[in-house]
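# Reading the structure
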Amino acid sequence: MASTVTSKKSKNSTDAMNSQKSTASARPGYGRLLRTRGAWTFLLPGFAARQPFAMLTISIVLLVQHTTGSYGAAGAAAAVTGVSMALFAPYSGRLADRHGQRAVLIPGVLLHAASGLTLTALALLDAPLWAVFAAAVPTGASVPQVGPMVRARWGVKLKDSPLMTTAAAFESVTDELTFVVGPLLATALCTAIDPAAGLVTEASLTLIGGLLFAARKSTQPSVEGGGHARVEHTSALRVPGVRVLIVTFLGIGAVFGGMQVSLAAFTESIGEPGLNGVLYGVFAAGNMLSGVVCGAIAWKAAPQRRLVIGYTALALTASGLWAAHSVPLLAGLGLLVGMCIAPALITGYTLVDGLVPAGARTEAFTWLTGAVALGQAAAVSVAGQLEDRLWGGAGFLVPMGGTVLALATLLALRSRLAGRAHGRTVARGVGHRVPVAVD
């Protein structure tokens, strides 16, 4: 009898272990996500098409600073581009919902390439600054919103799969990777080849990558008449939590913009302009690596709590940048700042799933992307003025100010980030509503 009981206990223990192994193997992960059929057909061209987002600002700053000798003018030109993109990005997402991604992407990338090359020519010909600003408006307005479009394609592929959370993390990591590759590539081109090489390459990548991405019609969300009314009458801005997230993403944009201008000014002041891309690459690498880890963890804490904790760490580390006066110290601190950004971005995008109805989710993504661009635009302008008029490194005050103000807003309004009771039901029901083109 004792032997039988022992045997049963052993069998139960073995079954429990096998069950745990089975659960672990079934847990959503990057490997399973990347084995999704047809995913690579839009991921690779999408990666090429989103590179310009990370190259554009730094390319404009380096080109205009070279032709005018002023970081203030360079920051202002980049700011015009960023503001234009931030204002038009949500409308681009809305048009893609109504008419399809291909219908928006093809004319968009053609306009962006033409306007970017026009801006380059005007800067090289020493045209009046107002003319450069005028060319910067369509350049920013036509930046393809590839990131939100890729997220929408994941929604088509995965529907209500638990891999959607992994996809959100993967997309944030991909965004961070572009901020590693993009600034390094733009800086190398502008410093080693020609100050205009960064913008020329940016325009070329936009054109080629955007057209290849648009050509993958089989993976883009469907556009049918039945989905128009739902998309048309739903606005992501009506959700209070989205407005809170927009403010937090403005602060993240302030970090990106402030770092770009201030690192360029710092490396030039020490006679090592080539280190600009290296230092920014270290900052972005920390961002990317923490994103990989963040996406691989099965979090138990609520996303609202994670956002508050992560954003507090971001504000604290960003507040020390202005005091770093050596390359090793700035690199180390920049790495820490970068490591704090990705968790905030990933958590913010994850919160959209529970806050926003499916019919407005792509618009919500573009509002957040636009907020980063707007914060970046304001930051490069203010940081450029500070670098011109105050001491070297004064531009690092911008990331501190932007994140502290955003953190104060987040702490005061964090209760608005609580998802509605039916939010998850809407998110998981998307797979059964074919006409809806967003998720």
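From a predicted model like this one, the values you see are computed outputs, not experimental measurements.

Turning our attention to the overall build of the protein. Scanning the protein from N- to C-terminus turns up 17 helices and zero strands. Long-range contacts, defined here as pairs at least 24 residues apart, represent 83% of the contacts in the protein between residues at least 6 apart. Accessible surface for the protein amounts to roughly 18,000 Å². Of this, 66% is attributable to carbon and sulfur atoms.

We now examine helix α13 (residues 303-318). Side chains that are three or four residues apart share a direction in an α-helix, a result of its 3.6 residues per turn. Here α13 is 16 residues long and its end C-alpha atoms lie 22 Å apart, about the 22 Å a rise of 1.5 Å per residue gives. Buried within α13 are the following residues: Arg306, Leu307, Val308, Gly310, Tyr311, Leu314, Ala315, Thr317 and Ala318. On its buried side, α13 packs onto α11 (240-269), α14 (327-355) and α16 (397-413).

In this section: the side chain of serine 290. Within the secondary structure, serine 290 sits in helix α12 (residues 275-296). Ignoring anything within four residues of it in the chain, the contact list for serine 290 reads Gly338, Met339, Ala342 and Pro343.

To continue, consider the pattern of salt bridges. Should the charged atoms of two oppositely charged side chains come close, the side chains can pair. Within the structure shown, the criterion is met by one salt bridge. Between glutamate 171 and arginine 50 there is a salt bridge, with the nearest N and O atoms lying 3.0 Å from each other. Here arginine 50 lies in helix α3 (residues 40-68) and glutamate 171 lies in helix α8 (residues 163-192), a separation of 121 residues in the sequence.

A word on the packing of aromatic side chains. This structure, assessed with the given rule, holds four aromatic pairs. On the basis of an interplanar angle of 70° and a centroid distance of 5.9 Å, the ring pair of phenylalanine 256 and phenylalanine 283 is categorised as edge-to-face. Taken together, the residues span a long stretch of sequence, with phenylalanine 256 in helix α11 and phenylalanine 283 in helix α12 at a distance of 27 residues. On the basis of relative accessibility, which here comes to 2%, the residue phenylalanine 256 falls in the buried class. The rings of Phe42, Trp154 and Phe170 are connected pair by pair, giving a single aromatic cluster.

Our focus in this paragraph is a nonpolar patch on the surface. Judged by side-chain polarity, Val83, Leu87, Phe88 and Leu374 come together as a nonpolar surface patch covering roughly 330 Å² of accessible area. Considering every element that reaches the nonpolar patch, the biggest residue donor is helix α4 (residues 71-99), with three residues. Mapped onto the elements of the fold, leucine 374 is located in helix α15 (residues 361-389).

Here we come to the packing of α3 against α11. Where α3 contacts α11, the two axes come as close as 10 Å, and the packing angle between them is 45°. The pairing of α3 with α11 is recorded here as oblique in orientation. Remark: the crossing between α3 and α11 carries right-handed chirality. Each of Ala54, Thr57, Ile58, Val61 and Gln65 in α3 lies in contact with α11, whose residues at this interface are Gln260, Val261 and Glu268. Split into classes, the residues belonging to the contact of α3 with α11 amount to four nonpolar, three polar and one charged.

Attention now goes to helix α7 (residues 146-158). Taking 1.5 Å of rise per residue, the 13 residues of α7 would be expected to cover 18 Å, and the 18 Å separating its terminal C-alpha atoms lies within 8% of that figure. With eleven of 13 residues buried, α7 is to be regarded as a mostly interior element. Positive backbone phi, at 50°, marks lysine 159, one or two positions downstream of α7.

Bringing unusual backbone geometry into the picture now. Most peptide bonds take the trans form, and the phi angle of most residues other than glycine is negative. Even without being a glycine, aspartate 126 presents a positive backbone phi close to 55°. Along the polypeptide, aspartate 126 turns up in the loop between α5 (101-124) and α6 (129-141).

Turning our eyes to something else, we now look at the packing of α11 against α13. Viewed as axis vectors pointing N to C, α11 and α13 meet at an angle of 30°, and their least axial separation amounts to 12 Å. Viewed along their axes, α11 and α13 adopt a mutual orientation that is roughly parallel. Along this stretch, α11 crosses α13, giving a crossing that reads as left-handed. Within the contact between the two elements, α11 uses Leu245, Thr248, Gly251, Ile252 and Val255 and α13 uses Leu307, Tyr311 and Leu314.

This paragraph deals with the environment of leucine 95. Positionally, leucine 95 belongs in helix α4. By relative accessible area, leucine 95 is classed as partly exposed at 40%. Counting along the chain gives 268 residues from leucine 95 to glutamate 363, while the straight-line C-alpha distance between them is 9.6 Å. Discounting residues that sit within four places of it in the chain, leucine 95 has contacts with Gly100 and Val104.

Attention shifts here to the side chain of glutamine 101. Here glutamine 101 shows up in helix α5. The exposure class assigned to glutamine 101 is buried, which follows from its relative accessible area of 5%.

Across the protein, the average pLDDT comes to 77, with 82% of residues at or above 70. Ignoring residues within four places in sequence, the model shows residues 8-26, a span with pLDDT below 50, making two contacts including any to other chains. Counting contacts from residues 421-439, a segment whose pLDDT is below 50, to residues more than four positions away or on other chains yields 45 contacts.

A few words now on the environment of glycine 29. Topologically, glycine 29 is positioned in the loop between α1 (2-26) and α2 (30-34). Considered as a pair, glycine 29 and alanine 296 are 267 residues apart in the sequence and their alpha carbons are 6.7 Å apart. Sequence-distant contacts of glycine 29, defined by excluding residues within four places in its chain, comprise Leu163 and Thr166.

Conventions used here
- Residues numbered from 1 in each chain as written.
- Predicted model: local features only at pLDDT ≥ 70, side-chain atom pairs only at ≥ 80, totals over all residues.
- Heavy atoms only, no water.
- Helix = DSSP H or I, 4+ residues; strand = E, 2+ residues; numbered from the N terminus.
- Contact = heavy atoms within 4.5 Å.
- Areas by Shrake-Rupley, 256 points an atom, 1.4 Å probe, with all protein chains shown as cover.
- Expected span 1.5 Å × (residues − 1).
- Buried < 20%, exposed > 50% of the residue type's maximum accessible area, 1.4 Å probe, protein only.
- Salt bridge = Lys/Arg side-chain N within 4 Å of Asp/Glu carboxyl O.
- Phe/Tyr/Trp six-rings, centres within 6.5 Å; stacked < 30°, edge-to-face > 60°.
- Patch = residues over 30% accessible without salt bridge, like charges linked within 9 Å, V, L, I, M, F, W, Y side chains within 5 Å.
- Axes fitted to C-alpha atoms, helices over the stretch in contact; angles between N-to-C directions.
- Parallel < 35°, antiparallel > 145°, perpendicular 65-115°, else oblique.
- Left-handed = near helix turned anticlockwise from the far one by under 90°.
- Nonpolar A, V, L, I, M, F, W, Y, C, P; charged D, E, K, R; others polar.
- pLDDT = per-residue confidence, 0-100.

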